Amino acid sequence: MNDFLKFYPIFWREMVYRKKRLGKILIGSVINPILFLTTFGLGLGKRISVGGENYLDFVLPGIIALSSLNNSYNSIGADLNIRRTIYKAFDQYVVAPIKPSSIVLGEVLAGALHGFVSCFILLGLGFLFGAHVRLTLMFFIVLFTSCIIFASLGVVAAMVADSHADMASFGTFVLLPMTFLGGTFFPVDSMPIIVKALVWMMPLTPVSFSLRSIVLGKGVPVYSIIGVFAWAVIMYVLAVVMVSRKSAN
Amino acid sequence: MEQNQLKDRGTSVFWPIKNKSRRVMHRGRAGIILENTKYIIETKNLVKVFGKIKAVDDISFEIARGEIFALLGPNGAGKTTTIRMLITLSRPTSGTALINGYDVVRQPFEVKKQIGVVPQQSNLERELTAWENMELTGMLYGMKKEDRRKRIQELLEYVGLLDRAHSNVEEYSGGMKRRLMIARALMHRPRILFLDEPTVGLDPQTRRKIWDLIKSMNRSGMTVMFTTHYMEEAENLCNRVAIMNRGKLIAVGTPHELKQNIGRIVLEHLEGDVTTRRFFQSRMEALKYAGSLKDNTNINIRPANLEDVFVMLTGDDLSDLG
């Protein structure tokens, strides 16, 4: 078999697993966005506007970016962490003649696909809530790349955290700040320069900035998009390094 | 060596390989076995240090093809660490280990293809069925679809799980999981099977079933190495045993040889709360000694077992440590 194709068994396992939990997964990926859309679209959104835009239109790309983060990260992180630390199922990948880069590729593609599909569901709901969005090919490319970033982050977390509690702390320290500050709910420009610098160091920020700009028809922000791709490469490499480290000690 | 192999298994055929080294192939239930060195496992001065602790302290041993080899010792003796180094899950601090001629550090991929591993704790995919677990393993080892299907069928039948092939593994009992793990380890037709404490936590009947499985795999030509802290498991199963204590290898030989070395007959003498053991080559000698004792009321004379060997060699009681 071609070396590159060796990720397939890992991807296959993730798909078999998801097929068995399809109902739970679908319900899970709908509840979160409905809550967000209700709060910000119907509740808050009717009363405010941002930079002349309807707030629902402004916030929807942010919520999509956030959703790509949550779904991709969670679909890989927790499960892989439990399989590594408690069920030890991860050990069989390590014993098999397969490279860490293939293991990560299989896991990340599965997680990214999961996140991507969840974002589609959210997008459909957004339309139902009356959002106006322009969808282009670039939008979907950025969105999928974002899913790859956060699925890779899920792999990193699953490797770094040696317990369930560690996994929870990782979420609090790394994901939560990004959720609120990564340009999801309000424009980043209005913040003090130091905060702005910090916020732009988070991988979610270029994602929500790019998606918003595309959706609102403000053009394709080249630097932001380069940032998104750069983060995908960085996270993937980091995930491979972490898997290699845990493979032989 | 090759002569022995032929004599032992009858049906072997010679198989010339392009690199001009002659290899022997066997066909058996476990699949095809390629051979290219005299010993299938060779370790030399193997050391593993964790921080300040020497978990494995300079051990060297060889295992011949077709042997069942047991690594015996109390918990914490370094058995699992030794196995983990041999199966490429842990990098030796120093020393070398060759598996079928391949170096565990420099050629880990080649080593991985030679070995099947049954760990101490279940590492099956719980949400997948037995069939799916086997399928995943077959795919990981790059087996073709049709080959996978045949092999899964054959192996699940072999371990008696074919009728439960499509149940999720989380519904399995401990013994079923262990059998499935053995079947899974055989999926890619390895030359050597490593089992870490294969019967720990199992009931006596299931234990015997696992022993029968190991013996039957071995009869078909598979080399088996396992760790255990059960004396009777080692006595029952293996051709040779290595006794480990505190990271060191303190004796290697057949159970018979090891017992012979300390004396085949044990005399246990209970005085107050203290039992002293003395070893003799024959029952006559033991009886003679018993006759010479002033107080010979609390005396037990019996054949020596591996536990006696262990106590004799280490001064520790295995059951205390275990």
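Nothing here was measured: the structure is a model prediction, and the numbers come from that model.

(A) Structural context of the sheet that holds strand β8 (residues 102-103) of chain B. If you walk across this open sheet you meet the 4 strands as β5-β4-β7-β8 (chain B), and the pairing is antiparallel. Either end of the sheet is taken by a strand with one partner, and the two such strands are β5 (53-64) and β8 of chain B.

(B) Inspection of the sheet that holds strand β10 (residues 192-196) of chain B at higher detail. All names here are of chain B. With mixed pairing, the 6 strands of this open sheet are ordered in space as β9-β10-β11-β6-β12-β13. A single partner strand is all that each edge strand has here, and the edge strands are β9 (115-118) and β13 (248-253). Neighbour to neighbour, the strand axes of the sheet diverge by 15° on average, direction disregarded. Pairing of β10 with strand β11 (residues 223-228), which is carried by 5 bridges, proceeds in the parallel orientation. The residue bridging Leu195 from the neighbouring strand is Phe226, located in β11. Strand contacts of helix α2 (residues 79-86): β6 (68-72), β10, β11 and β12 (240-245), with the helix running at about 150° to β10, the strand carrying the most contacts. Packed onto the sheet, helix α11 (residues 306-314) meets β6, β12 and β13 and runs at close to 40° relative to β12.

(C) Region of the structure containing the domain arrangement of chain B. All names here are of chain B. According to the domain assignment, chain B contains domain 1 (39-254) and domain 2 (257-321). For domain 1 and domain 2, the distance between their C-alpha centres works out to 34 Å. Each side of the interface is counted separately: domain 1 has 12 residues, and domain 2 has 12 residues. Secondary structure elements with two or more residues in the side of domain 1 that touches domain 2: α8 (231-237), β12 and β13. Residue composition of the side of domain 1 that touches domain 2, by class: 8 nonpolar, 3 polar and 1 charged.

(D) Here's a closer look at the interface of chain B and chain A. If you look at the interface, chain B gives 24 residues, while chain A gives 20 residues. If you list the elements that add at least two residues to the side of chain B that touches chain A, you get α3 (108-114) and α4 (130-140) of chain B. Considering each element in turn, the side of chain B that touches chain A owes the most residues, 5 residues, to α4(B). A per-class count over the side of chain B that touches chain A returns 11 nonpolar, 6 polar and 7 charged.

(E) Highlighting the packing of α4(B) against helix α5 (residues 145-158) of chain B. All names here are of chain B. At a closest axis distance of 10 Å, the pairing of α4 and α5 adopts a crossing angle of 130°. The orientation of α4 relative to α5 falls into the category oblique. Considering the relative orientation of α4 and α5, their crossing is right-handed. Between α4, through Ala130, Trp131, Met134, Glu135 and Gly138, and α5, the contact on the second element is made entirely by Arg148, Arg151, Ile152, Leu155 and Leu156. Looking at side-chain class alone, the contact of α4 with α5 contains 6 nonpolar, 1 polar and 3 charged residues.

(F) Representation of the confidence of the model for chain B within the structure. Residues and elements named next belong to chain B. Residues with a pLDDT of 70 or more make up 86% of chain B, whose mean pLDDT is 85. By mean pLDDT, strand β1 (residues 13-16) is the weakest element of chain B at 28, and α4 is the strongest at 97. Across residues 1-33 the pLDDT falls below 50, and counting only partners more than four positions away or on other chains, this stretch makes 45 contacts in the model. Note on the complex model: pTM 0.85, ipTM 0.90.

Cut-offs applied
Residues numbered from 1 in each chain as written. Chains lettered and ligands numbered in written order. Predicted model: local features only at pLDDT ≥ 70, side-chain atom pairs only at ≥ 80, totals over all residues. Pairing = 2+ DSSP bridges. Helix = DSSP H or I, 4+ residues; strand = E, 2+ residues; numbered from the N terminus. Axes fitted to C-alpha atoms, helices over the stretch in contact; angles between N-to-C directions. Contact = placed C-beta atoms within 7 Å. Domains from an automatic or database assignment. Nonpolar A, V, L, I, M, F, W, Y, C, P; charged D, E, K, R; others polar. Parallel < 35°, antiparallel > 145°, perpendicular 65-115°, else oblique. Left-handed = near helix turned anticlockwise from the far one by under 90°. pLDDT = per-residue confidence, 0-100.

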